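Summary of the model geometry
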Amino acid sequence: MAADMKTLVSLLLLGLSLVTRADCKFRFASYYGDHMVLQQQPARAVIWGYGEPGAGLTVSLEYGVKALYATMMTINADEGVWRVLLPAMEYGGPYHLVAEQTTVKTTTIYLKDLLFGDVWLCSGQSNMEMTVKQMFNASEEMKMASNYPHIRLFTAALVQSGTELQDLAKVDLQWSLPTAEILGHADFAYFSAVCWVFGRHLARKLKYPIGLVESSWGGTPVEAWSSKTALKKCELFNSSDPYFDILAGPCNYSVLWNAMIHPLLNMTIKGAIWYQGEQNTGMNTDLYNCTFPALISDWRRSFHESSLGQTDPNFPFGFVQLSTCQKSQQKDNYPVIRWHQTADYGYAPNPRMPNTFMAVAMDLGDEASPYGGVHPRDKETVGYRLYLGARAIAYGDKVQFQGPFPVRFDIYYKYLYMNITYDQKLLIGGTCDDVFEVYCSTDKGKSYKWFPIPAYSLMISANTVTISFDGCPAVLGVRYAWDIGPANTRNVHSTVSNLNFLLLYL
């Protein structure tokens with residue numbers, strides 16, 4: 001038995017040795033593959049991988065039989081890592097990329113069917129992870145997949161780590177052309193419905209290749225996706241499982257940054273979209289107005305530095321406002337997170353979150369969702385609204401992507417009413433009952449609380465809302481659609497031509 005155990009241990013050690021050697025073989029990093037999209041000009045795409053330390057390396061880019069570019073270098077002698085910056089390329093393709101390692105012999109690896117276009121990273125928790133199979137009109141969406149051969153999809157596997165990984169430990173979906181089988185693969189298992197719809201609209205409008213990289217995990221807080229550097233800005237230093245839920249994903253600080261974002265940093269990207277926040281309604285809720293802006297800033301800095309300065313240091317970052325989950329409760333942190341998602345400005349972009357865009361989603365509650373009210377199925381609307389924001393912020397198109405925002409408040413205490421003037425025409429459907437609230441005192445300023453305004457006390461015309469607050473002689477604030485759940489979303493039509501979520505202390 002002892003001899004058998006020694007043999008087993010020897011075999012295990014041999015296996016570990018072989019794995020280590022395999023990790024050093026000449027290869028591309030994990031997220032390079034046939035059919036991928038590389039970032040187009042003016043940025044330059046980074047290609048990197050592993051090889052024998054000190055070996056010679058030649059990398060060439062080919063179009064058909066014609067070599068367009070070639071460069072020679074020596075593989076890093078300390079780490080066995082090589083990295084090449086391709087020239088700035090116009091969108092299009094297909095291209096082939098050939099890498100040759102020269103030692104006592106020459107080893108060649110290559111990538112085929114490469115396209116240049118725009119690469120977008122899609123991240124967050126389960127609402128980003130929800131697949132096309134789970135959205136409304138899923139069958140119609142899957143039928144359209146083959147119409148977009150220049151959209152390419154990639155999904156990182158669910159992995160967590162206590163330390164920053166250089167490369168992805170595992171890939172769920174290597175670069176692929178969209179098919180009905182991929183989009184309809186399984187629930188919460190590639191490919192993201194929001195990411196797909198966003199990319200589909202972009203591809204149809206821009207008429208060039210779009211690469212979509214998904215890295216998301218359900219039930220995860222912003223802290224798991226944040227580096228230690230970002231968390232330190234919000235005075236968060238150590239995680240000791242501060243939140244536990246049997247349905248939650250990893251909640252420890254930085255574990256998904258380490259394993260699912262840090263390995264991607266060498267990639268040159270156009271921008272990112274984000275759908276997360278539900279988990280933070282029960283974890284560090286009051287810090288989200290710090291942790292979310294800190295994540296955006298840190299991701300931008302990190303991608304810029306690791307891509308050799310090719311990813312824009314202020315790349316466009318889109319996010320989805322939280323929808324509704326349940327009927328209003330005494331302590332409902334969904335409105336708090338919605339407010340904190342904008343760094344307490346109520347709109348994006350703003351001074352603390354420049355070059356960002358938000359897709360309003362509070363009107364998309366889906367209490368009947370078979371995946372739970374926290375998972376609304378209308379991902380088409382979410383993806384489209386993100387697309388509008390990207391057109392305006394990332395591509396500079398003159399499109400309306402934000403709802404009306406108040407530009408003037410006129411309060412007439414003598415007559416107990418106020419006028420709120422907005423920068424756009426108002427289109428508010430339903431009864432609007434109790435959607436507006438005023439923060440006022442009924443006892444001569446001794447105490448204040450929020451009072452809902454019934455529909456009969458509202459008057460809406462063109463770009464003005466008139467609110468009568470009879471019985472509240474001292475008003476200190478007004479808010480719109482704060483205390484909202486699936487039961488009253490029918491009264492709030494937050495399309496791009498309608499009101500933004502609002503909280504304002506006068």
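- If you check an unreviewed UniProt entry, the chain appears there as Sialate O-acetylesterase domain-containing protein from Staurois parvus.

Focus on the overall build of the chain
- Across its full length, the chain holds 10 helices and 22 strands.
- For the chain, the residues scored as buried account for 55% of the 506 residues in total.
- For the chain, contacts bridging at least 24 residues in sequence account for 74% of all contacts bridging at least 6.
- A total of about 21700 Å² of accessible surface is found on the chain, and carbon and sulfur atoms cover 54% of it.

Topic: the pattern of salt bridges
- With the rule as written, the count across this model stands at 13 salt bridges.
- Close ionic contact of Glu437 with Arg479 constitutes a salt bridge, the shortest N to O distance being 2.9 Å. A residue pair is termed long-range when its members are at least 10 positions apart, and Glu437 in strand E17 (residues 436-441) and Arg479 in strand E21 (residues 474-480) qualify at 42 residues.

Remarks on the pairing of strand E7 (residues 92-102)
- The sheet contact formed by strand E4 (residues 56-63) and E7 spans 7 bridges and is antiparallel. Each residue of the ladder has a partner; that of Leu57, found in E7, is Gln101.
- Counted between consecutive antiparallel strands, the loop separating E7 from strand E8 (residues 106-124) contains 3 residues.

Looking at the pairing of strand E13 (residues 317-320)
- Of the two faces of E13, the one carrying Phe317 and Phe319 and the one carrying Gly318 and Val320 are both buried.
- Two strands pair when backbone bridges link them, and strand E12 (residues 271-275) and E13 are joined in this way by 3 bridges, in the parallel orientation. Within E13, the residue paired with Ala272 across the bridge is Phe317.
- In this region the chain leaves E12, passes through helix H8 (residues 288-306) and returns to the parallel neighbour E13; the handedness of that crossover is right-handed.
- Relative to strand E14 (residues 356-359), E13 runs parallel, the two sharing 4 bridges. Bridge pairing in E14 places Val320 opposite Ala359.

A few points about helix H5 (residues 193-206)
- If you check H5, its first and last C-alpha atoms are 20 Å apart, about what 14 residues at 1.5 Å a residue would give, namely 20 Å.
- With 12 of its 14 residues buried, H5 lies for the most part within the structure.
- If you check the start of H5, you find a side-chain oxygen 3.5 Å away from the backbone N of Val194, and it comes from Ser192.
- Residue Lys207 follows H5 closely and has a positive phi angle near 60°.

Remarks on the sheet that holds strand E6 (residues 81-85)
- Taken together, 3 strands build an open sheet; the order of strands is E1-E3-E6 and the sheet is antiparallel. Looking at the sheet topology across the chains shown, the edges are occupied by strand E1 (27-28) and E6.
- Where E1 meets strand E3 (residues 46-50), 2 bridges bridge the pair, whose relative direction is antiparallel. Within E3, the residue paired with Phe28 across the bridge is Gly49.

So, the state of the cysteines
- Scanning the model with the defined rule gives 3 disulfides in all.
- A disulfide bridge connects Cys122 with Cys195, and the sulfur atoms are separated by 2.1 Å. Across the S-S bond linking Cys122 and Cys195, the dihedral sits near 65°, which makes this disulfide right-handed. Taken as a pair, Cys122 in strand E8 and Cys195 in helix H5 lie far apart in primary sequence, 73 residues in all.
- The buried category is assigned to Cys195, whose relative accessible area is 0%.
- Listing the disulfide partners of the chain by sequence rank of the bonded cysteines yields 1-2, 3-4, 5-6.

Some points on unusual backbone geometry
- In this model, Tyr190 is joined to Phe191 through a cis peptide bond whose omega is 15°.
- Within the secondary structure layout, Phe191 lies in the loop between helix H4 (180-183) and H5.
- A cis amide bond, omega 0°, links Ala348 with the succeeding residue Pro349.
- Backbone geometry places Asp113, a non-glycine residue, at a positive phi of 55°.

A few points about the nonpolar core
- With 92 residues, the main nonpolar core has Tyr32, Trp82, Trp274, Trp299, Phe436 and Ile467 as its most contacted residues.
- Tallying contributions element by element places E8 first for this core, with 7 residues.
- Core analysis: the next-biggest nonpolar cluster, separate from the first, contains 44 residues, Trp120, Cys122, Tyr190 and Ala390 among them.

A closer look at the sheet that holds strand E19 (residues 458-461)
- One open sheet holds the 4 strands; their spatial order is E15-E16-E20-E19, and the pairing between them is antiparallel. The open sheet is flanked by strand E15 (406-412) and E19, the only strands paired with a single partner. Across the sheet, the mean angle from the axis of one strand to that of its neighbour is 15°, orientation sign disregarded.
- Here strand E16 (residues 417-422) pairs with strand E20 (residues 464-468) via 5 bridges, running antiparallel. Bridged to Ile420 within E20 is Val465.

Description of the side chain of Gln101
- Relative to the assigned elements, Gln101 resides in strand E7.
- Look at Gln101 and you get buried, because its relative accessible area is 6%.
- A distance of 2.8 Å separates the side chain of Gln101 from the backbone nitrogen of Glu52, its partner in a polar contact.
- Setting aside residues up to four positions removed in sequence, Gln101 forms contacts with Phe26, Gly51, Glu52, Ala55, Gly56, Ile75, Thr106 and Thr107.

Calculation criteria
- Counting from 1, residues in each chain are numbered in the order their sequence is written.
- Given that this is a predicted model, residues contribute local features only at a pLDDT of at least 70 and side-chain atom pairs are listed and counted only at 80 or more, while totals for whole chains, interfaces and linings are drawn from all residues.
- Only heavy atoms go into the side-chain values, all of them from the structure, while hydrogens and water stay out.
- Under the scheme used here, helices are H or I runs from DSSP no shorter than 4 residues and strands are E runs no shorter than 2 residues, and both carry numbers assigned from the N terminus.
- Exposure classes here rest on a 1.4 Å probe applied to the protein chains alone. A residue is buried below 20% of its type maximum, exposed above 50%, and partly exposed in between.
- Note on contacts: a residue pair is in contact if any heavy atoms of the two residues lie within 4.5 Å.
- Here the accessible surface of atoms and residues is derived via Shrake-Rupley with a 1.4 Å probe, and residues count as covered only by protein chains that are part of the display.
- A pair is scored as a salt bridge if a Lys or Arg side-chain nitrogen falls within 4 Å of a carboxyl oxygen belonging to Asp or Glu.
- Pairing between two strands requires that DSSP report at least two bridges joining them.
- Orienting the strands away from the viewer, one traces the path from the first strand over the helix to the second; a clockwise path indicates a right-handed crossover.
- Residue count minus one, scaled by 1.5 Å, sets the expected span of a helix.
- Counted as a polar contact is a pair of N or O atoms within 3.5 Å, where, for protein atoms, one must be capable of donating a hydrogen and the other of accepting one, and residues adjacent in sequence contribute only when both atoms are in side chains.
- The disulfide criterion used throughout: a pair of cysteine sulfur atoms within 2.5 Å.
- Put simply, a nonpolar core is a bunch of buried Ala, Val, Leu, Ile, Met, Phe, Trp, Tyr and Cys residues held in one set by side-chain atoms that sit within 4.5 Å of each other.
- The convention used is that axes are lines fitted to C-alpha atoms, helices contributing only their stretch in contact, and that angles between N-to-C directions extend from 0 to 180 degrees.

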